[in-house]
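# Structure assessment
So you can see what is in the structure, the chains are spelled out below.
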Amino acid sequence: MKCSVVVLDLDGTLLNSSKQVSNRNLAAVLSCYSLGMRIIIATARPPRAVSWFLPRELIEISSFVYYNGAQVVCEKSNIEVYESISQPITSEILEYCLQQDSQIELTMEFRDEWFSLRELDYSNMMNAKENPIVKSIEELKQYAATKI
């Protein structure tokens with residue numbers, strides 16, 4: 001059986017517990033690529049986080065599925081697909097969440113930008129290199145969210 005594509009998740013698959021690609025994993029992926037296989041990275045993470053964790057040589061040879069499929073990018077084929085949550089539905093979801101818990105730690109992604117209702121520090125908890133930008137609920141309701 002000949003394989004033509006390798007699809008990899010990041011957390012718990014390609015990345016180790018330190019959120020790094022081991023030398024062994026890197027060599028294995030590069031070997032697959034050298035045999036003519038396409039490399040696809042599929043993750044719930046946004047593009048900016050993928051670029052934090054992956055070495056340059058993997059970024060250059062890979063296509064990407066971000067946000068569990070809401071955004072797909074294949075630069076070699078000049079393909080980018082983006083499927084957001086419509087603005088009216090985003091607004092309804094945000095309103096519903098706040099009605100359930102007015103103190104909720106609500107964050108939202110919009111095309112690789114990260115927003116929240118209040119100041120949050122995710123650097124330790126989520127290994128994030130930056131924290132979300134604070135916006136009012138009225139501002140957040142204007143977006144067609146990529147992820148809530």
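Details of the structure are given in the entry above.
What you see is a predicted model; the values in this text were computed from it and never measured.

Moving on, we come to the packing of aromatic side chains. Taken as a whole, this structure holds four aromatic pairs when the rule is applied. Judged by centre distance (5.5 Å) and plane angle (5°), the rings of F64 and Y66 are stacked. Each member of the pair F64 and Y66 is classed as buried. Measuring from ring centre to ring centre gives 4.8 Å for F110 and Y143, while their planes differ by 50°; the resulting arrangement is tilted. You can see F110 sitting in strand β6 (residues 107-110) and its partner Y143 sitting in the segment after α5 (137-140), a full 33 residues away along the chain. Summarising the burial analysis for this pair, F110 and Y143 share the class buried. In this arrangement the basic side chain of R111 is found over the ring face of Y82, its NZ or CZ atom lying 3.6 Å from the centre.

A separate point is the pairing of strand β5 (residues 79-82). Relative to β5, strand β4 (residues 71-74) runs antiparallel, the two being bridged by four bridges. Residue pairing for β5: Q71 is matched across the bridge by Y82. What sits between the antiparallel neighbours β4 and β5 is a turn of four residues, in which N78 has the positive phi angle 55°.

So, how was this worked out
Starting afresh in each chain, residues are numbered from 1 along the sequence in its written order. Side-chain atom pairs in this predicted model are given and counted only at pLDDT of 80 or more, local residue features only at pLDDT of at least 70, and totals for whole chains, interfaces and linings cover all residues. The side-chain quantities take in all heavy atoms of the structure and omit both hydrogens and water. Working definition: a ring pair exists when centres of Phe, Tyr or Trp rings (six-membered ring for Trp) sit within 6.5 Å. Plane angles under 30 degrees give stacked, over 60 give edge-to-face, the rest tilted. In this scheme, a residue with accessible area under 20% of its type's maximum is buried, one over 50% is exposed, and one in between is partly exposed, where area comes from a 1.4 Å probe on protein chains only. Note on conventions: DSSP H or I runs of at least 4 residues are helices, E runs of at least 2 residues are strands, and numbering of each starts at the N terminus. Lysine and arginine charges are scored as sitting over a ring when NZ or CZ, respectively, is within 6 Å of the ring centre and within 35 degrees of the ring normal. In this analysis, strands are considered paired if DSSP registers two or more bridges between them.

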